[in-house]
Amino acid sequence: MVFLYAFLAVLCLGSAPLFGKSALHNINPVTTLVIRTFIATGLISIWLLLTKTPVGFTALSLSSWLMVGMEAVLAAVLGELAYFYALQKGDVYEIAVLMSCAPLVTMVLGNVFLSQPLSLRQLIGALIVTIGLIILCSD
């Protein structure tokens, strides 16, 4: 089941930039991000109401709120805004390929800040991926 979810994520995340790039012909990246955030918030809110999913906001510690807040600022605001500006100016495939470098950054930062071990196999894989990305984006 995990691979089905991962495959669906790949399909959604791989096709979404096409719609984003198309929208950016008529509106600026900030407006695009705001509209997308409103739509996503509305859909998630409806989903929570319809499924009666328990939401434990009050059970979270201040530290958890701060960590989620930092993730929101970095990913949902700054990262997505930079993504939309890049998408507006660049080719959709190049931006998508460059965005695939994010796990490499996560791997290094996870090792440095969370002391998550890196194996030689992971480092070699990351090097191969990086070389592949450079080849794909070079003219």
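Residues numbered from 1 in each chain as written. Predicted model: local features only at pLDDT ≥ 70, side-chain atom pairs only at ≥ 80, totals over all residues. Heavy atoms only, no water.

### Quick word on the UniProt feature "domain: EamA" (unreviewed entry) in the chain
Condition: UniProt positions are given in the numbering used here, feature names are shortened, and annotations may be inferred rather than shown by experiment. Note on conventions: DSSP H or I runs of at least 4 residues are helices, E runs of at least 2 residues are strands, and numbering of each starts at the N terminus.
In this numbering, the UniProt entry assigns the feature "domain: EamA" (unreviewed entry) to residues 3-136. Taken end to end, residues 3-136 is 82% helix and 0% strand, and its two terminal C-alpha atoms sit 26 Å from one another.

### Some details on the pattern of salt bridges
Applied cut-off: By convention in these notes, a salt bridge is any Lys or Arg side-chain nitrogen within 4 Å of a carboxyl oxygen on Asp or Glu. Note on classification: 1.4 Å probe, protein chains only; a residue is buried when its accessible area is under 20% of the maximum for its type, exposed when over 50%, partly exposed between these limits.
What the rule picks out here adds up to 1 salt bridge. Taking the shortest distance from any N to any O, the salt bridge between E80 and R36 comes out at 2.5 Å. Remark: R36 occurs in helix 2 (residues 29-51) and E80 occurs in helix 3 (residues 62-89); sequence separation between them is 44 residues. Residue class for R36 comes out partly exposed when judged on its relative accessible area of 38%.

### Observations regarding the nonpolar core
The line we're drawing: Here, nonpolar core refers to any group of buried Ala, Val, Leu, Ile, Met, Phe, Trp, Tyr and Cys residues whose side-chain atoms link them within 4.5 Å.
Counting 6 residues, the largest nonpolar core consists of L24, L33, Y83, F84, L87 and I95. Per element, the largest residue contribution to this core is 3 residues, and it comes from helix 3.

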